[in-house]
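Read off the chains here:
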Amino acid sequence: MKRCNIALVEQGSEQRASLWVLVSLVVAIKASLWALDPSPKFFFGDSYCYLETAKTGWIPPDRSFTYGYFIRATLLLEESLRPLMAIQWVMGVGCAVGLGYISSKYLGARPLRVYLLAALCSLEPLQLCWERAIMTETLSLFLMVLYLWACLEYLRGARISAMVLLQVLGTALVSVRLSYLPLVGCASLALPFMAEIQDRGKRGDMRRPGGSRNWWLRGVHLLLSMGLMWAMHGAYKWSYARLSGFPAGYSGASGYILLATWAPVVEARDFPDQELGRRLLESLSFEPKDRRFRNDQLFSYGGLVQRIRDGMVEEEGDRFARFAALRALERDPLGVLKLGLMTLWDFFDLDYLRQMVLEDLGYHQEDEYRNFREAFQGRGFTLPEKQPITWSKAYYALAIPWYLALLATPLWGLLVPLRSPVGSRGARALLLLASVCFLGVVSVLAVQPVVRYLHPMAWLALGVAASHGGIPRKRPLG
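Predicted, not measured: the structure shown is a model, and the values here were computed from it.

Scanning the protein from N- to C-terminus turns up 23 helices and zero strands. Total accessible area on the protein is roughly 21,300 Å²; 64% of this is exposed by carbon and sulfur atoms.

Structure follows, in structure tokens:
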């Protein structure tokens, strides 16, 4: 008995030592790179909206207000962007360490692979660039890692406490970045049944006719999961309405965004007033059937959204736009899917993709930065004369092959559950589900092939890499 206790103590010490090696490795890489490029980055006009919310409490109609409040909290420490940059650096460390921990504990990766993947996550160009930006990417990715960890904890034991935690984290995640809503919704539906399949695999009764009569219990868990999601997301929508004055919802401009995104599929008959819809489509400055004008339809003067706003108040116009977008989806779902596939194909037009990368980095936007600087220079922030061109931006611009490879993450992930141990398939299928959701976001729910939207896919791709060839370990890191 004494020898057994000594062995357990030695095992625990080994696990803690491995975890500290992981943390030390990530911190060393991140700190070295941060010393070379600590400058904050800005993306117009998102960064403007977030800082305006932080300084005045203004609630933007089409962007996260919770990230603006998060910035506001960091300003209590110091009236500058340095505390925010430091906190986002810590979150970047947390994302890489979280990848290593999840890879070891849930995906069965061996220590050498864990260290390698955590190091790659620390060096990944999307993470490095947006970790330095006044944007939602780093906070949302950190919350996504915590959310996936809570999902994996639920899959291990189907505990109600884990379900409550993952729904809290899922609501926070969606409030920071709405593009995570497909993942949160799909996971809420699928996790109770993933847990049952994983539990049956562990007991070895996957093929036994009388095995595991717990589907009714999973049904109860499903109802609880959807009920918690409905209640928490409803509370968020109510809070948004109280703070913003817009109707209860995730944002005040979701209808405009959907209409512009699916504009090539929309026809006059999809609008509540078909004659008005016909006149609207005929008066546009941009050809509505050309998918590459969808960003202009959303933001530019003479575009579809601006035309609607000219004739209607904000709330009425957004309802009008949402009705038309959803009617187009109902009438021609294959057309919307085809449009998404064409958006995905646009990633492989390298000239167009390089243009998108430069837009992400704010190149050739001197006037926008000058206006931005004038707006915030005298309000507690010290900003450089010009937006700096740093090595992390150059690295981001050179990584186009990596971005194209990320689009194949779901295909690679599809192989993982088929060749992994039965008892771990639920956990590995979760990564596949997440990668499929984000592939849908960057295609069906995007107005252009935006490289920035691949940010969570980079983390998931490394998680899928941890899954290949792994066997659940009895002694994970930590």
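The subject of this paragraph is the packing of helix α4 (residues 82–105) against helix α23 (residues 455–467). Running from N to C, α4 and α23 point in directions that differ by 25°, and their axes come no closer than 10 Å. The orientation of α4 relative to α23 falls into the category roughly parallel. In terms of crossing hand, the pair formed by α4 and α23 is right-handed. Of the residues in α23, those touching α4 at Cys-95, Gly-98, Leu-99, Ile-102 and Ser-103 are Trp-459, Leu-462, Gly-463 and Ala-466. Among the residues forming the contact of α4 with α23, the class breakdown is six nonpolar, three polar and no charged.

Quick look at the packing of aromatic side chains now. Following the criterion strictly, the structure yields 22 aromatic pairs and no others. Both rings, one in Phe-42 and one in Phe-372, keep their centres 4.7 Å apart while their planes meet at 50°; by these two values the pair is tilted. In this pair, Phe-42 is assigned in the loop between α1 (2–36) and α2 (46–56) and Phe-372 in helix α18 (residues 366–376), connecting sequence segments 330 residues apart. Taken as a pair, Phe-42 and Phe-372 share a single burial class, namely buried. Consider the rings of Trp-130 and Tyr-396, whose centres lie 6.0 Å apart with planes at 85°: the pair is edge-to-face. Note that Trp-130 is positioned in helix α6 (residues 125–130) and Tyr-396 in helix α19 (residues 391–398), a separation of 266 residues in sequence. For the residue pair Trp-130 and Tyr-396, the accessibility class agrees, reading buried in each case. Connected via pairs of aromatic rings, a cluster forms that spans Phe-42, Phe-44, Tyr-48, Tyr-369, Phe-372 and Phe-376. Positioned above the aromatic ring of Phe-43 is the side chain of Arg-452, whose terminal nitrogen or guanidinium carbon lies 4.5 Å from the ring centre.

To continue, consider unusual backbone geometry. Here Phe-44 and Gly-45 are connected by a cis peptide whose omega angle stands at -5°. Among the secondary structure elements, Gly-45 is positioned in the loop between α1 and α2. Positive phi outside glycine occurs at Ala-158, with the angle close to 50°. Note that Ala-158 resides in the loop between α7 (137–157) and α8 (160–176). With a relative accessible area of 15%, Ala-158 lands in the buried category.

We now examine the pattern of salt bridges. For the structure on display, the rule yields 26 salt bridges. Across the pair Glu-153 and Lys-105 runs a salt bridge, and its minimum N-O distance is 3.8 Å. With Glu-153 in helix α7 and Lys-105 in helix α4, the pair connects residues that are 48 residues apart, well separated along the chain. Among the residues examined, Glu-153 registers a relative accessible area of 12% and is labelled buried. Salt bridges sharing partners connect three or more residues here, namely Lys-30, Asp-37, Lys-41, Glu-131 and Arg-132.

To continue, consider the nonpolar core. If you look at the biggest cluster of nonpolar residues, it comprises 104 residues, and the most contacted ones within it are Met-144, Tyr-147 and Trp-459. The element that contributes the greatest number of residues to this core is α7, accounting for 12 residues. In contact with Met-144, not counting residues within four places along its chain, are Leu-173, Tyr-180, Leu-183, Phe-438, Pro-456, Trp-459 and Leu-460. Among the nonpolar cores identified, the runner-up in size contains 24 residues, and Val-305, Phe-320, Ala-321 and Ala-325 belong to it.

Okay, a nonpolar patch on the surface next. Together, Ile-160, Val-164, Val-168 and Leu-224 make up a nonpolar patch on the protein surface, roughly 270 Å² of accessible area in all. Looking at where Ile-160 falls in the secondary structure, it is placed in helix α8.

Further remarks concern the side chain of Thr-261. Mapped onto the elements of the fold, Thr-261 is located in helix α11 (residues 254–261). In this structure Thr-261 comes out as buried when scored by relative accessible area, which is 2%.

With that settled, the discussion passes to the side chain of Thr-136. One can find Thr-136 in the loop between α6 and α7. Here Thr-136 is in contact with Tyr-50, Ser-64, Tyr-67, Val-176 and Arg-177, once residues within four sequence places are set aside.

This next bit is on the packing of helix α16 (residues 333–346) against helix α22 (residues 425–443). Two quantities define a packed helix pair, namely the angle between the axes and the distance from one axis to the other. Across the interface, α16 lies against α22 with an axial gap of 8 Å and an inter-helix angle of 90°. What the angle tells us is that α16 and α22 run roughly perpendicular. Of the residues in α22, those in contact with Gly-340, Thr-343 and Leu-344 of α16 are Leu-439, Val-442 and Ser-443.

Quick look at the environment of Val-451 now. With respect to the helices and strands, Val-451 occurs in the loop between α22 and α23. Measuring from C-alpha to C-alpha, the distance between Val-451 and Leu-404 comes to 9.4 Å, with 47 residues separating the pair along the chain. Non-local contacts of Val-451, meaning those with residues more than four positions away in its chain, are made with Leu-126, Phe-347, Leu-353, Val-357, Asp-360, Tyr-396 and Tyr-403.

Basis of the calculations
Residues numbered from 1 in each chain as written. Predicted model: local features only at pLDDT ≥ 70, side-chain atom pairs only at ≥ 80, totals over all residues. Heavy atoms only, no water. Helix = DSSP H or I, 4+ residues; strand = E, 2+ residues; numbered from the N terminus. Areas by Shrake-Rupley, 256 points an atom, 1.4 Å probe, with all protein chains shown as cover. Axes fitted to C-alpha atoms, helices over the stretch in contact; angles between N-to-C directions. Parallel < 35°, antiparallel > 145°, perpendicular 65-115°, else oblique. Left-handed = near helix turned anticlockwise from the far one by under 90°. Contact = heavy atoms within 4.5 Å. Nonpolar A, V, L, I, M, F, W, Y, C, P; charged D, E, K, R; others polar. Phe/Tyr/Trp six-rings, centres within 6.5 Å; stacked < 30°, edge-to-face > 60°. Buried < 20%, exposed > 50% of the residue type's maximum accessible area, 1.4 Å probe, protein only. Lys NZ or Arg CZ within 6 Å of the ring centre and 35° of its normal. Salt bridge = Lys/Arg side-chain N within 4 Å of Asp/Glu carboxyl O. Core = buried A, V, L, I, M, F, W, Y, C linked by side-chain atoms within 4.5 Å. Patch = residues over 30% accessible without salt bridge, like charges linked within 9 Å, V, L, I, M, F, W, Y side chains within 5 Å.

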